[in-house]
Amino acid sequence: MAAADKVFAGSIPKFYDTLMVPLIFEAYAADMAGLAAASSPGAVLETAAGSGVVTRALAPRLGTHARYVVTDLNQPMLDYAASRQGADSRIEWRQADALHLPFDDASFDVVCCQFGAMFFPDRAAGYAEARRVLKPGGRFVFSVWDRIEDNAFADDVTHAVATVFPNDPPRFLARTPHGYHDVALIREDLRRAGFANIEITTREKVSRAPSAGAVASAYCQGTPLRNEIEARDASLLQLATDRAAEVLAARHGEGPVAGKIQAHVIVAAA
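So, a few notes on the structure that sits alongside this text.

Reading guide: rules and limits
Residues numbered from 1 in each chain as written. Predicted model: local features only at pLDDT ≥ 70, side-chain atom pairs only at ≥ 80, totals over all residues. Heavy atoms only, no water. Pairing = 2+ DSSP bridges. Helix = DSSP H or I, 4+ residues; strand = E, 2+ residues; numbered from the N terminus. Axes fitted to C-alpha atoms, helices over the stretch in contact; angles between N-to-C directions. Contact = heavy atoms within 4.5 Å. Parallel < 35°, antiparallel > 145°, perpendicular 65-115°, else oblique. Nonpolar A, V, L, I, M, F, W, Y, C, P; charged D, E, K, R; others polar. Core = buried A, V, L, I, M, F, W, Y, C linked by side-chain atoms within 4.5 Å. Buried < 20%, exposed > 50% of the residue type's maximum accessible area, 1.4 Å probe, protein only. Polar contact = N/O pair within 3.5 Å; in protein donor to acceptor, adjacent residues only side chain to side chain.

Considerations on the sheet that holds strand E5 (residues 134-145)
What holds strands together in a sheet is hydrogen bonding between their backbones, with the strands either parallel or antiparallel.
Here's step 1: Spatial strand order, E3-E2-E1-E4-E5-E7-E6: seven strands in an open sheet with mixed pairing. Either end of the sheet is taken by a strand with one partner, and the two such strands are strand E3 (91-95) and strand E6 (197-209). Going across the sheet, the axis of each strand differs from the next one's by a mean of 20 degrees, ignoring polarity.
Here's step 2: Across six bridges, the pairing between strand E4 (residues 108-114) and E5 is parallel. Bridge pairing in E5 links Val110 to Arg139.
Here's step 3: Helix H3 (residues 75-84) contacts strand E2 (67-72) and E3 of the sheet and is inclined by roughly 160 degrees relative to E3.

Below is the structure:
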């Protein structure tokens, strides 16, 4: 993973929340919230919370006296998430690295992480941290994207942007969000971290957007793919976005578009 893959700053948080969240994250956030709240936890930790889509879905499901700590490595994303959340005394916002959590052992009933584990430089270490802060019998609930070929829009955008930079194609989407999809590897990393009871389900959903242009803008300007494009030639950001829109429209139509998305959802207990 490149260092820039973890940078969600500048205009990315707003683009991410307004474009990417409704495109691919909201449907899975409802699933994540349901799984996290199923055991009526008294203390929940969310890592890699991003712009807060899971937070907004999960908070209403928690008890009135629950403790909910929401963290992210990127302070700009955390600030944006907090700005979207209504006043709630149960929620504590805290900048934190999921691989070095600033919490005592056995502090939480549930640790949840939606589409963040792919960004961990050492997944087994991140999972071990989740296990450390879980109480006995606690659950680690997280999700990762399946391979890019099973996620139509991401695959289309990656191929389209590559035509703008044929000698050095940006590979952020394939490398990081869709680069950790091997179920056997996920199980092995969890076992190395001390988890024994592991359930993995693969869930297919449909991504929808009002237009191909909206999808192109979401991926090219609302994710660190933007950092990769601008690192090559910032003046070509709009061209890359337009090229992606052209390819998406050719494959999915000129009006509202729909495409397959697929992810693995994992529930692990020590």
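Considerations on the packing of helix H8 (residues 212-221) against helix H9 (residues 225-233)
Here's step 1: Contact geometry for H8 and H9: axes closest at 6 Å, N-to-C directions at 75 degrees. Relative to H9, H8 is oriented roughly perpendicular. Contacts from Tyr219, Cys220 and Gln221 in H8 reach Leu225, Arg226 and Ile229 in H9.
Here's step 2: The residue inventory of the contact of H8 with H9, partitioned by class, reads four nonpolar, one polar and one charged.

Considering the nonpolar core
Here's step 1: Ranked by internal contacts, the top residues of the largest apolar core, which has 90 residues, are Leu58, Tyr127, Phe140, Phe142, Leu190 and Tyr219.
Here's step 2: Top element by residues in this core is helix H1 (residues 12-37). It accounts for 12 residues.
Here's step 3: If near-sequence neighbours (up to four positions away) are discounted, Tyr219 is found in contact with Met20, Leu23, Ile24, Phe153, Ala154, Val157, Leu173 and Leu225.

Side note on helix H4 (residues 123-133)
Here's step 1: Along H4, the positions that sit buried rather than exposed are Ala124, Gly126, Tyr127, Glu129, Ala130 and Val133.
Here's step 2: As for H4, its buried residues are in contact with strand E1 (43-46), E4, E5 and helix H7 (183-192).
Here's step 3: Near the N-terminus of H4, the side chain that reaches the backbone nitrogen of Ala124, with its oxygen 3.3 Å away, is that of Asp122.

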